[in-house]
Amino acid sequence: MALITVQNLSLGYDSHAILEGLNFCVGAGDYLCIVGENGSGKSTLMRTLLGLQQPVSGSVRFDEGLRENEIGYLPQQTIVQKDFPASVWEIVLSGCQGRCGLRPFYSREEKAMAARNIDRMGISSLAGRCYRELSGGQQQRVLLARALCATRKALLLDEPVSGLDPNATAEMYALIQELNRGGITIIMVSHDISAAIRYASHILHIGNKVFFGSKPDYLASETGRLFVQHEGEEAVDV
């Protein structure tokens, strides 16, 4: 069953489309990686899925009881966010804000959920620490725990390993894979084509050419073969 269905979606700003005629669906339990050239509209698509930006045209439909405010979101971190002066506990608990409605306080259930997700991410010993004192990998675990407080169904991840060292990157990918195997649908924007090929069940490639389908079909397509070859050559050059 589809959680999210996108039909004839055009994305852009001020009625000017940068990407047109986008069609795809995300099923429960899928691991969708969104790849493509820089400036192709990947982050714009994420903001549209979250309801933070209106499409130029087309529609995004949520099914299976999923609402856009019930999607966990892990954005790319900025320098300001990395230096945020709050405790790990406060940041993770803030992920429950969407559940509070008009209540000015967190319920016992919401606090228990935050504690469970802190434990789930293996950061219980850091709960009282200041967020800005943590390593990059630890900070991403905190933000992933926060995102999990907003959802039991779907996570949107925008470059979740950006700036992390190889060990922290491997740990983050392993955590995401474990969450997916536990039933959480993953939608991840990534420049890491090798990770997309390794972990994804489906690929959405956007740019001059658009492809949506299973990972094997992507690798067999001309779009997929050319992009994988190009990205591989760039990695060697670097």
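Whatever comes next refers back to the structure up there.
Fair warning: this is a prediction, and the values are worked out from it, not measured in the lab.

Enquirer: What exactly am I supposed to notice about the overall build of the protein here?
Expert: The number of helices and strands found in the protein is 10 helices and 9 strands. Against the 2.2 N^0.38 benchmark of 18 Å for 238 residues, the protein shows a C-alpha radius of gyration of 18 Å, consistent with a compact globule. Dimensions of the protein along its principal axes, counting C-alpha atoms only, are 50 × 40 × 35 Å. Within the protein, the proportion of its 238 residues that are buried is 47%. Counted over contacts in the protein with a minimum sequence separation of 6, partners at least 24 positions apart contribute 67%. When the accessible surface of the protein is totalled, it reaches about 12000 Å², and 50% of it is carbon and sulfur.

Enquirer: Sorry, what's going on with the sheet that holds strand β6 (residues 154–158) here?
Expert: In any sheet, the strands associate via hydrogen bonds between backbone groups, in a parallel or an antiparallel arrangement. Taken in spatial order, the 6 strands line up as β5-β6-β7-β3-β8-β9 in an open sheet, and their pairing is mixed. Edge positions in the sheet fall to β5 (72–74) and β9 (211–214), since each of these pairs with one other strand and no more. Recorded for the sheet is a direction-independent mean angle of 15 degrees between the axes of neighbouring strands. Here strand β3 (residues 31–36) runs beside strand β8 (residues 202–206); their pairing, made up of 5 bridges, is parallel. By the bridge assignment for β8, Ile34 is matched with Leu204.

Enquirer: Would you explain the pattern of salt bridges in this entry?
Expert: Once their charged atoms are close, side chains differing in charge can pair, the charge on each being opposite to the other. Evaluated as defined, the whole model comprises 3 salt bridges. Here Asp63 makes a salt bridge to Arg61, at a shortest N to O gap of 3.4 Å. Arg129 is paired through a salt bridge with Glu133; the nearest N and O atoms lie 3.6 Å apart. For Glu133, a relative accessible area of 52% puts it in the exposed group.

Cut-offs applied
- Residues numbered from 1 in each chain as written.
- Predicted model: local features only at pLDDT ≥ 70, side-chain atom pairs only at ≥ 80, totals over all residues.
- Heavy atoms only, no water.
- Helix = DSSP H or I, 4+ residues; strand = E, 2+ residues; numbered from the N terminus.
- Rg over C-alpha atoms; globule rule 2.2 N^0.38 Å.
- Buried < 20%, exposed > 50% of the residue type's maximum accessible area, 1.4 Å probe, protein only.
- Contact = heavy atoms within 4.5 Å.
- Areas by Shrake-Rupley, 256 points an atom, 1.4 Å probe, with all protein chains shown as cover.
- Pairing = 2+ DSSP bridges.
- Axes fitted to C-alpha atoms, helices over the stretch in contact; angles between N-to-C directions.
- Salt bridge = Lys/Arg side-chain N within 4 Å of Asp/Glu carboxyl O.

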